[in-house]
Amino acid sequence: MTRVLGIETSCDETAAAVVARNADGSPHILANIVLSQIEEHAAFGGVVPEIAARAHVEALDGVIEAALQEAGLTLKDVDAIAATAGPGLIGGLIVGLTTARAMAAATGKPLIPVNHLEGHALTARLTDGLPFPYLLLLVSGGHTQIVHVAGIGDYQRWASTIDDALGEAFDKTAKLLGLPYPGGPNVEKAAEGGDPRRFAFPRPLKGEARPDFSFSGLKTAVRRAATERAPLSPKDVSDICASFQKAVTETLADRVARSLERFRTLHPSDSEPALVVAGGVAANAAIRAALEELCTDKGFRLVAAPLDLCGDNAAMIAWAGLERLEAGIVEDAASFAPRPRWPLDETTNPLFGGGKRGAKA
């Protein structure tokens, strides 16, 4: 059995987890502790980096101890320590990586710096044992991209956003409408009672040959609709949210369809090609339903991360570390510095904008 302790402090969750690969090869989450900072940031309507870093300092030791206790292990029992080294808020990354480095030095355990995005990319292998290759739709507060996942460390970005990340569009819409933080879940909740046909919001880039995303224009249309009808009634807010969410789901389906066709062409012998959706926005039920319908139509299997593994968590970091440990693909941890920006695919030129305005970009 291989067991890895994971630490995640890239934004506003302090998390620690222990995952294992059992003797029969099956993966297992032994513990997964996530301490949210929502209350600390709610008054500001978003994440304040200095507050986040301070909260990580205060909570991380206790969260790690709780994870080890839940797993029934001590630090001596794990085979390696994995920690998020980027991308994210530099203060939080320093806290997590420094703590992991100290524990590794004290115990002689290997330290594995992990790309947060790789954690999302490999979650489907932890939860569903998904074989390579597969297609990943990563949708979060800082990233919206489609990635061809061929193996550990072997990623090719096929599409990205040319402006805002989808999670940022959700958060900005919530803030504009006076909905509480965090924005995404509250927009989804408000949309449940709304009329998705009331507002004819744009579907950016729909029908265009390029596979990329754009959400800035949609966000502007929402602002215009809200401004024209101010002060907004609860019905106005629900209808705007429902119309916004409908525009998002139709846009995603159109954009993702092009990459599904490309994947099919590249892997014609794959009898059960898979689309993985991961990241915080992947928790949205309407988005999952739209992607499920698309995959059924295109002959793909949709693998959606469990809700508790969509957002920031340390189980995915521990698992990415475990996969890298087993594959012998490990960075030089002694000299590795935290990277606030760290693309999963470092060979493809970034798009202008690229959704790099959010805290996790």
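What you are looking at is a predicted structure, and each value in this text was computed from that prediction instead of being measured.

Draft legend 1. View of unusual backbone geometry. Cis geometry marks the peptide bond from Gly 86 to Pro 87, where omega comes out at -15°. Assignment of secondary structure puts Pro 87 in the loop between β4 (80-86) and α3 (90-107). The step from Ala 230 to Pro 231 runs through a cis peptide bond, and the omega angle for that step is -5°. Positive phi, close to 65°, is recorded for Leu 205, a residue that is not glycine. Since its relative accessible area comes to 16%, Leu 205 is described here as buried.

Draft legend 2. Inspection of the pairing of strand β10 (residues 301-304) at higher detail. In this sheet, β10 lies alongside strand β9 (residues 274-278) in parallel orientation, the contact comprising four bridges. Along β10, the bridge assignment pairs Leu 275 with Leu 302.

Draft legend 3. Structural context of the nonpolar core. With 48 residues, the main nonpolar core has Leu 137, Leu 166, Phe 201, Phe 244, Val 256 and Leu 275 as its most contacted residues. Put simply, the parts of the chain that give this core at least two residues each are β6 (134-139), β8 (154-160), α5 (166-176), α6 (183-191), α7 (216-228), α8 (234-266), β9 and α9 (285-298). Top element by residues in this core is α8. It accounts for 12 residues. Look past the residues within four positions of Phe 201 in its chain and what remains in contact with it is Leu 218, Ala 221, Val 222, Ala 225, Ile 240, Ser 243, Phe 244 and Ala 247. Of all hydrophobic cores here, the second largest spans 35 residues; its members include Ala 15, Ile 112, Ala 315 and Ile 317.

Draft legend 4. Focus on α3. End to end, α3 covers 26 Å across 18 residues, agreeing with the expected 26 Å (1.5 Å per residue, within 8%). In this fold, the buried residues of α3 make contact with β1 (2-8), α2 (49-71), β4 and β5 (111-115). One or two positions beyond α3, positive phi appears at Gly 108, with a value near 80°.

Draft legend 5. Summary view of the environment of Gly 88. You can see Gly 88 is positioned in the loop between β4 and α3. Linking Gly 88 and Ala 200, residues 112 residues apart in sequence, is a C-alpha distance of 35 Å.

Draft legend 6. A look at the sheet that holds β1. With mixed pairing, five strands are arranged side by side in an open sheet as β3-β2-β1-β4-β5. Looking along the sheet, the strands with just one partner apiece sit at the ends: β3 (27-36) and β5. Geometrically, the sheet is characterised by an average inter-axis angle of 20° between neighbouring strands, direction not taken into account. For β4 and β5, the ladder comprises five bridges, and the chain directions are parallel. Considered in β5, the bridge of Ile 81 is made with Leu 111. In the packing of α3 onto the sheet, contacts are made with β1, β4 and β5, and the angle to β4 comes to roughly 155°. Here helix α10 (residues 315-327) sits on the sheet in contact with β1, β2 (13-21), β3, β4 and β5, set at roughly 40° to β2.

Draft legend 7. Highlighting the sheet that holds β6. Read across the sheet, five strands follow the order β8-β7-β6-β9-β10 without closing on themselves; strand pairing throughout is mixed. Where the open sheet ends on each side, the last strands, each with one partner, are β8 and β10. Going across the sheet, the axis of each strand differs from the next one's by a mean of 25°, ignoring polarity. On top of the sheet, α9 reaches β6, β9 and β10; it is set at about 155° to β10, its chief contact.

Draft legend 8. Region of the structure containing α10. In this model α10 runs 18 Å from its N-terminal to its C-terminal C-alpha over 13 residues, within 8% of the 18 Å that 1.5 Å per residue would give. Among the 13 residues that make up α10, 10 are buried, leaving the element largely enclosed by the rest of the structure. Three or more residues of α10 are buried, namely Ala 315, Met 316, Ile 317, Ala 318, Trp 319, Ala 320, Gly 321, Leu 322, Glu 323 and Arg 324. Those residues of α10 that are buried lie in contact with β1, β2, β3, β4, β5 and α4 (116-128). With its phi angle positive at about 70°, Gly 328 sits one or two positions after the end of α10.

Draft legend 9. Focus on the state of the cysteines. By the definition in use, this model includes zero disulfides. Here Cys 11 is not cross-linked by a disulfide; its sulfur's nearest cysteine counterpart is in Cys 310, at 16 Å. When its relative accessible area of 6% is taken as the criterion, Cys 11 is described as buried. Summary of cysteine pairing: Cys 295 is not part of a disulfide, and the nearest cysteine sulfur, belonging to Cys 310, is at 15 Å. What makes Cys 295 buried here is its relative accessible area of 0%.

Draft legend 10. Region of interest: the pairing of β1. In terms of residue burial, β1 counts as a mostly covered element, since six of its seven residues are buried. Here β1 pairs with β2 via seven bridges, running antiparallel. When the bridges of β2 are listed, Glu 8 appears paired with Ala 15. Between the end of β1 and the start of β2, which pair antiparallel, lie four residues. Bridging between β1 and β4 involves four bridges; their strand directions are parallel. Within β4, the position partnered with Ile 7 by the bridge is Ala 83.

Parameters and conventions
- Residues numbered from 1 in each chain as written.
- Predicted model: local features only at pLDDT ≥ 70, side-chain atom pairs only at ≥ 80, totals over all residues.
- Heavy atoms only, no water.
- Helix = DSSP H or I, 4+ residues; strand = E, 2+ residues; numbered from the N terminus.
- Buried < 20%, exposed > 50% of the residue type's maximum accessible area, 1.4 Å probe, protein only.
- Pairing = 2+ DSSP bridges.
- Core = buried A, V, L, I, M, F, W, Y, C linked by side-chain atoms within 4.5 Å.
- Contact = heavy atoms within 4.5 Å.
- Expected span 1.5 Å × (residues − 1).
- Axes fitted to C-alpha atoms, helices over the stretch in contact; angles between N-to-C directions.
- Disulfide = S-S within 2.5 Å.

Interpretation in functional terms is not warranted from these geometric data alone.
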